[in-house]
Amino acid sequence: MIHIARSEKRHKVSRGTFTSSFLPLGRAITDSSDHGIAQIGRLEHAMLEAGARVPMHLHQNEEILSYLRKGTMHHKDSDGNDIPIHNKHLMLMNAGSGIHHEEGVREGDETVEMLQIFIRPKADALEPKVQFYEPGEIYSHNQWRLLAGHDRSKAPMLFRSEVVFYDLRLENGNSIQTPVLHGHTAFMYLFGGSVTLEDPGDTVHEGDQIIVKNKQLTLKANEDSDIVFFVLDESAPFSRNGLYTK
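Each chain carries its own residue numbering, running from 1 in the written order of its sequence. Local features are withheld for residues below a pLDDT of 70 in this predicted model, meaning they are given only at 70 or higher, and side-chain atom pairs are given and counted only at 80 or more; totals for whole chains, interfaces and linings count all residues. Only hydrogens and water are set aside; all other atoms, that is, all heavy atoms of the structure, feed into the side-chain values.

> In this structure, what is going on with the overall build of the protein? I would like to understand it.
Per the convention used, a helix needs a DSSP run of H or I reaching at least four residues, while a strand needs a run of E reaching at least two, with both numbered from the N terminus. Secondary structure summary: the protein contains 0 helices and 22 strands in total. Taken over the C-alpha trace, the protein has a radius of gyration of 17 Å; the compact-globule value for 246 residues is 18 Å, and the two agree within 12%. A principal-axis box enclosing the C-alpha atoms of the protein has dimensions of 50 × 40 × 35 Å. Three labels apply to residues, based on accessible area from a 1.4 Å probe with only protein chains included: buried if under 20% of the type maximum, exposed if over 50%, partly exposed otherwise in between. Expressed as a percentage of its 246 residues, the buried residues of the protein come to 53%. For the protein, contacts bridging at least 24 residues in sequence account for 74% of all contacts bridging at least 6. Counting only carbon and sulfur atoms, one obtains 44% of the accessible surface of the protein, whose full area is about 10600 Å². His is not counted, nor are the chain ends; Lys and Arg add positive charge and Asp and Glu add negative charge. The atoms used to mark charge sites are NZ of Lys, CZ of Arg, CG of Asp and CD of Glu. Looking at charge distribution, the protein has the averaged site of its 26 positive side-chain charges lying 3 Å from that of its 34 negative ones. Atoms counted for the radius of gyration: C-alpha only. Globule rule: 2.2 Å times the number of residues to the power 0.38. Here a residue-residue contact requires only that any non-hydrogen atoms of the pair lie within 4.5 Å. What sets the accessible areas is the Shrake-Rupley method with a 1.4 Å probe; for residues, cover comes only from the shown protein chains.

Following this line, the structure appears as structure tokens:
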């Protein structure tokens, strides 16, 4: 099964210097009663201009990965972190029983473009912690890069949930197969660019989402394209008691 939802299905919300496009996730699937999909509770493609500030607020029972592609966002939290994050310094907050944080872009800085990824944890009230990771390179050219995953995945950042997360920059004219699913469900998002799914032949563009079950796809880039890819275990338990990931 392959299900494609086009970029216009995203719900766009603008708050001055802060704009978010919320992906439809499970809402794009006929007969789905879940606004998310399995372990993904919410996914937003966000732009924060210079001077944008999200005041200190609480997260509980959700795992939030800040995946920045450009710009620098300044992060402060109740764990005592006060640090910039950017495309070579990523952050994953395992909110657990509760973490307060705030984010902002300083005056004069470049506009931030990012994905804010909200994952449903396997259980409520886990120990809160914040992880940081420096990937070394901004892009993973023409090969999948494992950035975050469950405790058996050997990923550099830990989700306390049965999900793994990859990224990729597929350069123009190159082809690649998607990761093997082993019976699980895939969710793919085109952060930028354009690729053709060689079977069935559909072309997807920036902002499109693809849900895949029981199939490995071959992707061919029509231009340099930035892609994220999740492998989800729909049979594994997850909590829907997060403040933003119900």
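> Would you take a moment to explain the sheet that holds strand S7 (residues 73-77) for this structure?
Pairing between the strands of a sheet comes from backbone hydrogen bonds, and it takes one of two forms, parallel or antiparallel. Taken together, 4 strands build an open sheet; the order of strands is S5-S10-S7-S8 and the sheet is antiparallel. Each edge of the open sheet carries a strand with a single partner, namely strand S5 (53-59) and strand S8 (82-85). Each strand of the sheet is rotated relative to its neighbour by a mean of 25 degrees, with strand direction disregarded. Strand pairing is defined by DSSP finding a minimum of two bridges between the two strands. Strand direction decides the pairing type here: S7 and S8, joined by 4 bridges, are antiparallel. Bridge assignment links His74 to a residue of S8, and that residue is Pro84. Between the N-to-C directions of two axes lies an angle of 0 to 180 degrees, each axis being a line fitted to C-alpha atoms and, for a helix, fitted only over the stretch in contact.

> I'm lost on the pattern of salt bridges in this one. Help?
Should their charged atoms come close, side chains of opposite charge can pair. Each reported salt bridge corresponds to a side-chain nitrogen of Lys or Arg within 4 Å of a carboxyl oxygen of Asp or Glu. Scanning all chains against the criterion turns up 12 salt bridges. Salt bridges sharing partners connect three or more residues here, namely Asp34, Arg120 and Arg240.

> Mind showing me how you'd approach the environment of Thr30 here?
Note that Thr30 resides in the loop between strand S3 (18-22) and strand S4 (40-48). For the pair Thr30 and Asp79, spaced 49 residues apart in sequence, the C-alpha to C-alpha distance is 41 Å.

> Sorry if this is basic, but what is going on with the side chain of Ser194 here?
Along the chain, Ser194 falls in strand S18 (residues 194-197). A distance of 3.4 Å separates the side chain of Ser194 from the side chain of His205, its partner in a polar contact. Sequence-distant contacts of Ser194, defined by excluding residues within four places in its chain, comprise Thr203, Val204, His205, Lys220, Ala221, Asn222, Glu223 and Ser225. We call two N or O atoms a polar contact when they sit within 3.5 Å, provided that within protein one can donate a hydrogen and the other can accept it, with sequence-adjacent residues counted only if both atoms are side-chain atoms.

> So what exactly am I meant to see when it comes to the nonpolar core here?
General note: in soluble globular proteins, nonpolar side chains tend to be found buried as a group. In these notes, a set of buried Ala, Val, Leu, Ile, Met, Phe, Trp, Tyr and Cys residues joined through side-chain atoms within 4.5 Å is what counts as a nonpolar core. Residues Ile40, Leu43, Ile117, Phe165, Phe187 and Phe230 are the most contacted members of the largest nonpolar core, which totals 26 residues. Going through the elements one at a time, S4, strand S6 (63-70), strand S9 (90-94), strand S11 (112-119), strand S13 (145-149), strand S15 (163-170), strand S17 (185-192) and strand S22 (225-232) are the ones with two or more residues in this core. Once residues lying within four places of it in the same chain are set aside, the contact partners of Ile117 are Arg42, Leu43, Glu63, Ile64, Leu65, Tyr67, Phe165 and Phe230.

> Looking at this model, I keep getting lost on the pairing of S17. Mind explaining?
Where a strand is regular, its side chains alternate between the two sheet faces. Within S17, 8 of the 8 residues are buried, which leaves the element mostly enclosed by the surrounding structure. Bridge analysis of S17 against S22 gives 7 bridges, and the strand direction is antiparallel. Bridging across to S22, Met188 finds its partner in Phe229.

> Mind showing me how you'd approach the packing of aromatic side chains here?
Each aromatic ring pair is described using two quantities: the centre-to-centre distance and the angle formed by the ring planes. Whether two aromatic rings pair depends on their centres lying within 6.5 Å, for rings of Phe, Tyr and Trp, where Trp uses its six-membered ring; planes under 30 degrees apart make the pair stacked, over 60 edge-to-face, and the rest tilted. Scanning the model with the defined rule gives 7 aromatic pairs in all. The interplanar angle of 85 degrees and the centroid separation of 5.5 Å between the aromatic rings of Tyr67 and Phe165 together place this pair among those described as edge-to-face. Of this pair, Tyr67 sits in strand S6 while Phe165 sits in strand S15; the two residues are 98 residues apart in sequence, bridging distant segments of the chain. The burial state of Tyr67 is the same as that of Phe165; both residues are buried. Taking 6.4 Å as the distance between ring centres and 80 degrees as the angle between the ring planes, the aromatic pair formed by Tyr67 and Phe191 counts as edge-to-face. Linking Tyr67 in strand S6 with Phe191 in strand S17, this pair joins segments that are 124 residues apart in sequence. For Phe191, a relative accessible area of 5% puts it in the buried group.

> Even after reading the chapter, I still don't get the pairing of strand S21 (residues 218-221), so can you show me in this structure?
Burial of S21 is one-sided: the residues Leu219 and Ala221 facing one way are buried, the residues Thr218 and Lys220 facing the other way are not. Bridge analysis of strand S16 (residues 175-177) against S21 gives 3 bridges, and the strand direction is antiparallel. If you follow Gln177 over to S21, its bridge partner there is Thr218. The sheet contact formed by S18 and S21 spans 3 bridges and is antiparallel. Each bridged residue has a counterpart across the sheet, and for Thr196 the counterpart in S21 is Lys220.

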